Amino acid sequence: MDSFIIEGGSKICGSVKISGSKNSSLPILFSTVLTDERCVINNVPELMDIKTTYELLSYCGKTCFFGFNSFSVDEKNKIITEAPYDLVRKMRASVLIAGPMLARFKHVKFSMPGGCAIGVRPIDIHLDGFKKFGADVKLDAGYVILSAKKLKPAVISLKFPSVGATENIMMLASLVEGKSVIKNAAKEPEISDLACVLNKMGARVSGAGSNEIVVEGSEKLKGFEHNVIPDRIEAGTFLILTALCGGRLELLNVESRHIETLLKKLEKTGAILEVYDNRIVISSGKKILPSDIKTEPYPGYPTDLQAQWTSYMSVADGKSMVVENIFENRFMHVAELIRMGADIEIKHNTVIINGVKNLKGATVMASDLRAGAGLILAGARAQGITKVRRVYHIDRGYEKIELKLLAAGVKIKRIVDE
Ligand code: EPZ
């Protein structure tokens, strides 16, 4: 397993080009199952999760090519409508193959995704949605088996605006003739990016980005070419890094309107921002003013930037509060920050942070993707050397992360650990 060795205290400088969005690439790659025609997806980041998706689509019979951030999918073989345990256990988002596969083949057998460090991560909202379209749902030996003689359009009201369930149901509805409606839908930018692809394929999707999405399904869907939107979470991670460590950073290839809530929060802490449509320049403030966050569905503060914010506030000039409303166990980074000298108290889904002068380098362990990112930020700020272990978590979601950090002035190197 690899680790990162980080020597803290450097100022951030230079510029960084934001990669394509992991969380937009994944559903779009699975949407290729809806058609037998050639699909080309560009600006796809080179990540472990993309590699896992490549493996799963190939296992099911698709012919894939991925290079230079371009992912093409053709169909030359018979499709296997199954997603095996060994692949699904590596990536929960594999569940996004279910909607497209059920829609096109009226059958899919996939391993029930397990929980992960941040929570149980059930898929009941997905399955309830599939049932409303007329699918039969069976659970057998850890697998979910979906089948349907005929699928019919449906009006679905989600009990929670689940991102994955919204995406799965949108993809299913796109290949079911008639008008379907998804109420209380997730409004994340990744939903709108997927809707753009489904419209290119020949479905008629409207309302994406609002809480009510209407899908006019089509009997057959076409191939497409698409450029994935920039990764708003990577962009937010680099902005918080700069505000935390001090310095000035230019972000290129960013979609500023996707991170408005974070930008406002950063300004409240004293950071200075020059914001353009696709470029942001951030300069750190004279000191870090404390500012509370509570994570919410989009356009609220994103849960995927909560760990990074907690690291940031650990050296703020005062007391702040972080409330995690989306996942039940997303404070795994807090114990590691405390080992670095942070003064943080956990109370259920809330942490109270008393800012300290600085953190001290230590050996810490990444428990999940975004907790790992939060620990990298803490190590870049801390006095002395920090070793972040299990960086395979981080490799799932950040393309060439240590090269980008080095270019931004962080003293970091990757070592092969036992
Ligand atoms: C997506 O996960 C993202 N992943 C997550 O990013 C992100 O944290 C999350 O949305 C919230 O924004 C991808 O897009 C691949 P949800 P998803 O369904 O779709 C509960 C990262 O770091 N829920 O919106 O799984 C669930 O347990 C990852 O890039 C149900 O109860 O998130 C959670 O508490 C981490 N039943 C809440 O809803 C369901 O059927 C939000 O989950 C589905 C979800």
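Residues numbered from 1 in each chain as written. Predicted model: local features only at pLDDT ≥ 70, side-chain atom pairs only at ≥ 80, totals over all residues. Heavy atoms only, no water.

**Q** Can you lay out the site of the ligand for me, pointing to particular residues and giving the numbers?
**A** Every one of the 21 residues lining the ligand counts as a neighbour, but Asp 124, Ile 125, Ser 162, Asp 304 and Ile 326 are closest to it. Between the ligand and the protein, one listed contact pairs a nitrogen atom with a side-chain N or O atom of Asp 124 at 2.7 Å. Separating an oxygen atom of the ligand from a backbone N or O atom of Gly 164 is a distance of 2.8 Å. For the ligand, the accessible surface in isolation is 830 Å², of which the surrounding protein chains cover 86%. Elements with a minimum of two residues in the shell around the ligand: α1 (22–31), α5 (124–132), α6 (163–174) and α12 (369–381). Here the residues of the shell around the ligand are counted per class, giving 10 nonpolar, five polar and six charged. Domain assignment of the residues forming the shell around the ligand places at least three in each of domain 1 (2–19 + 230–416) and domain 2 (22–227). (Near = heavy atom within 4 Å. Polar contact = N/O pair within 3.5 Å; in protein donor to acceptor, adjacent residues only side chain to side chain. Areas by Shrake-Rupley, 256 points an atom, 1.4 Å probe, with all protein chains shown as cover. Helix = DSSP H or I, 4+ residues; strand = E, 2+ residues; numbered from the N terminus. Nonpolar A, V, L, I, M, F, W, Y, C, P; charged D, E, K, R; others polar. Domains from an automatic or database assignment.)

**Q** Provide a residue-level description of helix α2 (residues 48–59), including the pertinent values.
**A** Compared with the 16 Å implied by 1.5 Å per residue over 12 residues, the 16 Å span of α2 between its first and last C-alpha is a close match. Within the span of α2, buried status applies to Asp 49, Ile 50, Thr 52, Thr 53, Leu 56 and Leu 57. For α2, the angular spread of buried residues about the axis comes to 155°, placing them on one side. Next to the buried residues of α2 lie α1, β4 (62–67), β5 (70–75), β6 (82–83) and α3 (85–88). At the exit of α2 stands Gly 61, carrying a positive phi of roughly 110°. (Expected span 1.5 Å × (residues − 1). Buried < 20%, exposed > 50% of the residue type's maximum accessible area, 1.4 Å probe, protein only. Arc of directions from axis to C-beta. Contact = heavy atoms within 4.5 Å.)

**Q** Can you lay out the domain arrangement of the protein for me, pointing to particular residues and giving the numbers?
**A** Under the domain assignment used here, the protein contains domain 1 (2–19 + 230–416) and domain 2 (22–227). Placing the centre of domain 1 and that of domain 2 at their C-alpha centroids yields a distance of 30 Å. With 25 residues of domain 1 at the contact, the number on the domain 2 side is 23 residues. Interface area for domain 1 against domain 2, summed over the two sides, is near 1,900 Å², with a carbon-plus-sulfur share of 53%. When the buried area of domain 1 at its contact with domain 2 is split by residue, Tyr 298, Arg 396 and Glu 399 rank highest and sum to 31% of it. The tally of links between domain 1 and domain 2 comes to three salt bridges. Salt-bridge contacts for Glu 46 lead to Lys 400; the nearest nitrogen and oxygen are separated by 3.7 Å. (Buried area = accessible area lost by both parts, 1.4 Å probe. Salt bridge = Lys/Arg side-chain N within 4 Å of Asp/Glu carboxyl O.)

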